[in-house]
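Observations on the three-dimensional arrangement
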Amino acid sequence: MKFNNICMVGLGYIGLPTAVVFALRGVNVIGLDINHRAVDNINHGKTHIVEPGLEDALRRTVAAGHLRATTLPEAADAFLIAVPTPLVVDEHIRDPDLTFVEAAARLIAPVLKKGDLVILESTSPVGATEQMAVWLAEERPDLTFPQTHGEESDIRVAHCPERILPGHALRELVSNDRIIGGMTPLCASRARALYKLAVEGDCIETDCRTAEMAKLTENSFRDVNIAFANELSLICDRLGINVWELIRLANRHPRVNILQPGPGVGGHCIAVDPWFIVSQTPEEARIIRAAREVNNAKPEWVLTKVHQAMAEHAAGADTPARIACFGLTFKPNIDDLRESPALNIAARLTELYPGQVDVVEPFIQDLPSGLEGKTRILRASDALSACDVLVLLVDHDDFKAMPAPAGKRIIDTRGVWTGRPS
């Protein structure tokens, strides 16, 4: 059975590039999103996110008639759901929130027909794909689903988590291997046939629970290794050792590859996904929990270093110090602020030192809501002139190209200025 058209549900950092990649291969794609402004922009060939090459590719696919966006569900042969799966966080619990997945499932259910394929791409806790199938069945009792009819079901259901690096989305969506987990083997093979229309990497079939756990495992592995680097930075600071030089030397061992420390961990994946494992298996996930706690605590350590620098300035100056935060995004050279430790640190500093904090962020035009009216965006040269304490939070290429500032108090969380070889 051919896929004459597909529907991409959710047109954010994952959904929009995915829709474009399929459309570039001549597949007719319907983009579905509740954001009217984003839908209007897309239909005019304009993006609402920053991703290299995306707007040009979007413009071409829209002009060719292979991609259009809507706020209302329409019939299609396959539905790919890429909506947020945030955490519900309070003092004692961090549980995954599947509200958006449920809403997406119930939104498309009325237009499903026999033979359709539904794929959950959103990073999800184990069992989420099966739960999505239950929600679909509740809305469409006239159709059969894998949980009750197995290989004979009317609707095929699978999970295929995204695996891309922001800033390289268009390339990695095509070249990266994909893990495709079906609720049944036929569900997996049907989903594989869809992805092979656009994916040049291997498409490996498994069951949906293993596919869900694979994505969580990948990001937890990264989080644990980052936590090791961040913990090393705390130890080295206490012992008077340059952690950047230490890591360079240790990594000369043929079987050692320590990652780089930073101000914490951000983004929609690594800072969130390990909690999905901890939530479901709290007694077993001890190292994963400990890594999350190390990385979550790193911003507080950065704030402590800023307090020390401010106190040192106050001891030798008549005027209050100004602070410049270099970078707000969660990683370099993109505009993504999701779960950004840099943004969290900057926001905390504006509360602790009102009227004394500026930010330098070349990848955003306007301050996010939490910083509006509390600070201002400066060019790097102006911040170097006006500010006394420089807090390097994101290793944007623009910052790495700058000479190391002289005569300033520097808290360099990325080793951009203080980690250079002598």
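To start, this report covers the structure provided alongside it.

Once that is clear, we can look at the overall build of the chain. The helix and strand inventory of the chain stands at 15 helices and 14 strands. The C-alpha radius of gyration of the chain comes to 24 Å, within 12% of the 22 Å expected for a compact globule of 422 residues. Expressed as lengths along the three principal axes of its C-alpha atoms, the size of the chain is roughly 75 × 50 × 40 Å. Expressed as a percentage of its 422 residues, the buried residues of the chain come to 52%. Residue pairs at least 24 apart in sequence account for 69% of intrachain contacts in the chain once pairs closer than 6 positions are excluded. When the accessible area of the chain is evaluated, it comes to approximately 19000 Å², of which 53% is carbon and sulfur surface. For the chain, the centre of its 43 positive side-chain charges and the centre of its 55 negative side-chain charges are spaced 5 Å apart.

As a further point, take the environment of Arg192. Tracing the chain through its elements places Arg192 in helix α8 (residues 185-195). Discounting chain neighbours no more than four positions away, the residues touching Arg192 are Ile180, Cys203 and Glu205.

Turning our eyes to something else, we now look at unusual backbone geometry. With phi around 65 degrees, Asn333 is a residue other than glycine that occupies positive phi space. Structurally, Asn333 can be placed in the loop between β11 (323-326) and α13 (341-352). Notably, Glu339 is not glycine yet its phi reads approximately 55 degrees, a positive angle.

Let us look at α8. Of all the positions in α8, only Cys187, Ala188, Arg190, Ala191, Leu194 and Tyr195 are classed as buried. Taken down its axis, α8 places every buried residue within 165 degrees of arc, on the same side.

The subject of this paragraph is the sheet that holds strand β13 (residues 389-392). Taken in spatial order, the four strands make up an open sheet running β12-β11-β13-β14, and their pairing is parallel. Two strands close off the open sheet at either side, each with one partner strand: β12 (357-360) and β14 (409-412). The sheet shows a mean angle of 20 degrees between the axes of neighbouring strands, direction not considered. Sheet strands in contact with helix α12 (residues 286-316) are β11, β13 and β14, and its direction is about 175 degrees off that of β14.

As a further point, take the nonpolar core. One broad rule of soluble globular proteins: the nonpolar side chains tend to lie buried together. With 41 residues, the main nonpolar core has Phe22, Val29, Ile119, Leu194 and Tyr195 as its most contacted residues. With six residues, the single largest contributor to this core is helix α1 (residues 15-24). Beyond its immediate chain neighbours, meaning those up to four positions away, Phe22 contacts Ile6, Val27, Val29, Leu80, Leu194, Tyr195, Leu197 and Ala198. If you look at the next biggest cluster of nonpolar residues, it comprises 28 residues, including Leu32, Ile81, Ala128 and Met183.

With that out of the way, let us pick up the packing of helix α11 (residues 273-280) against α12. At their nearest, the axes of α11 and α12 sit 9 Å apart, and the two run at 135 degrees to each other. When the interaxial angle is binned, α11 and α12 end up oblique. Relative to α12, the crossing made by α11 is left-handed. For the pair α11 and α12, the contacting residues are Pro274, Trp275, Ile277 and Val278 in the first and Ile288, Arg289, Arg292 and Asn296 in the second. Broken down by class, the residue content of the contact of α11 with α12 amounts to five nonpolar, one polar and two charged.

A separate point is the sheet that holds strand β3 (residues 67-70). If you walk across this open sheet you meet the eight strands as β3-β2-β1-β4-β7-β8-β9-β10, and the pairing is mixed. Looking at which strands have only one partner, the edges of the open sheet turn out to be β3 and β10 (203-207). Ignoring which end each strand starts from, the neighbouring axes of this sheet average 25 degrees apart. Taken together, the four bridges between strand β4 (residues 78-81) and strand β7 (residues 117-120) define a ladder with parallel strand orientation. Residue pairing for β7: Phe79 is matched across the bridge by Val118. Contacts between α1 and the sheet are confined to β1 (5-9), β2 (28-32), β3 and β4, with β1 contributing the most and set at about 165 degrees to the helix.

In this section: the pattern of salt bridges. Enumeration according to the criterion identifies 23 salt bridges in this entry. Here Asp56 and Arg59 are joined by a salt bridge, their closest N and O atoms 3.7 Å apart. Of this pair, Asp56 and Arg59 are both found in helix α3 (residues 54-63), three residues apart, which corresponds to roughly one turn of the helix. The partly exposed category is assigned to Asp56, whose relative accessible area is 40%.

With respect to the helices, strands and loops of the structure, Arg292 is situated in helix α12. On a C-alpha basis, the gap between Arg292 and Asn5 in space is 41 Å, while along the polypeptide they are 287 residues apart. When near neighbours in sequence (up to four residues on either side) are disregarded, Arg292 contacts Asp223, Val265, Ile270, Ala271, Pro274 and Trp275. Among the polar contacts listed, one links the side chain of Arg292 to the backbone oxygen of Ala271, at a separation of 3.3 Å.

Procedures and definitions
- Residues take numbers from 1 onward in each chain, read along the sequence in its written order.
- Two thresholds apply to this predicted model, a pLDDT of at least 70 for residue-level local features and 80 or more for giving and counting side-chain atom pairs, whereas whole-chain, interface and lining totals are computed over all residues.
- To get the side-chain values, all heavy atoms of the structure are used, and hydrogens and water are removed first.
- Only DSSP runs of H or I covering at least 4 residues are called helices, and only runs of E covering at least 2 are called strands; the numbering of each starts at the N terminus.
- In this setup the radius of gyration rests on C-alpha atoms only. A globule is expected at 2.2 Å times the number of residues raised to 0.38.
- A simple rule labels every residue: compare its accessible area, found with a 1.4 Å probe on the protein chains alone, to the largest value its type can have, and call it buried under 20%, exposed over 50%, or partly exposed in between.
- In what follows, a contact means two residues having at least one pair of non-hydrogen atoms within 4.5 Å.
- The Shrake-Rupley method, run with a 1.4 Å probe, gives the accessible areas here. Residue values count only the displayed protein chains as cover.
- The charge count treats Lys and Arg as positive and Asp and Glu as negative. His and the chain ends do not count.
- Note on charges: their place is set at NZ of Lys, CZ of Arg, CG of Asp or CD of Glu.
- Think of it as the arc spanned by the lines of direction from the helix axis to the C-beta atoms.
- Paired strands are those between which DSSP finds at least two bridges.
- Each axis is a line fitted through C-alpha atoms, taken for helices only over the stretch in contact, and angles between the N-to-C directions span 0 to 180 degrees.
- We call a set of buried Ala, Val, Leu, Ile, Met, Phe, Trp, Tyr and Cys residues a nonpolar core when their side-chain atoms join them within 4.5 Å.
- Each angle is binned into one of four classes, with values under 35 degrees roughly parallel, values over 145 roughly antiparallel, values of 65 to 115 roughly perpendicular, and all other values oblique.
- Each crossing gets its hand from how the near helix is turned against the far one by less than a right angle, where anticlockwise is left-handed and clockwise is right-handed.
- Residue polarity is assigned by list, with Asp, Glu, Lys and Arg as charged and Ala, Val, Leu, Ile, Met, Phe, Trp, Tyr, Cys and Pro as nonpolar; anything else, Gly included, falls into the polar class.
- The salt bridge definition used is simple: a Lys or Arg side-chain nitrogen within 4 Å of an Asp or Glu carboxyl oxygen.
- Pairing of N or O atoms within 3.5 Å defines a polar contact, subject to two protein rules: one partner must be a possible hydrogen donor and the other a possible acceptor, and residues neighboring in sequence count only if both atoms are side-chain atoms.

Nothing here speaks to function; it is geometry throughout.
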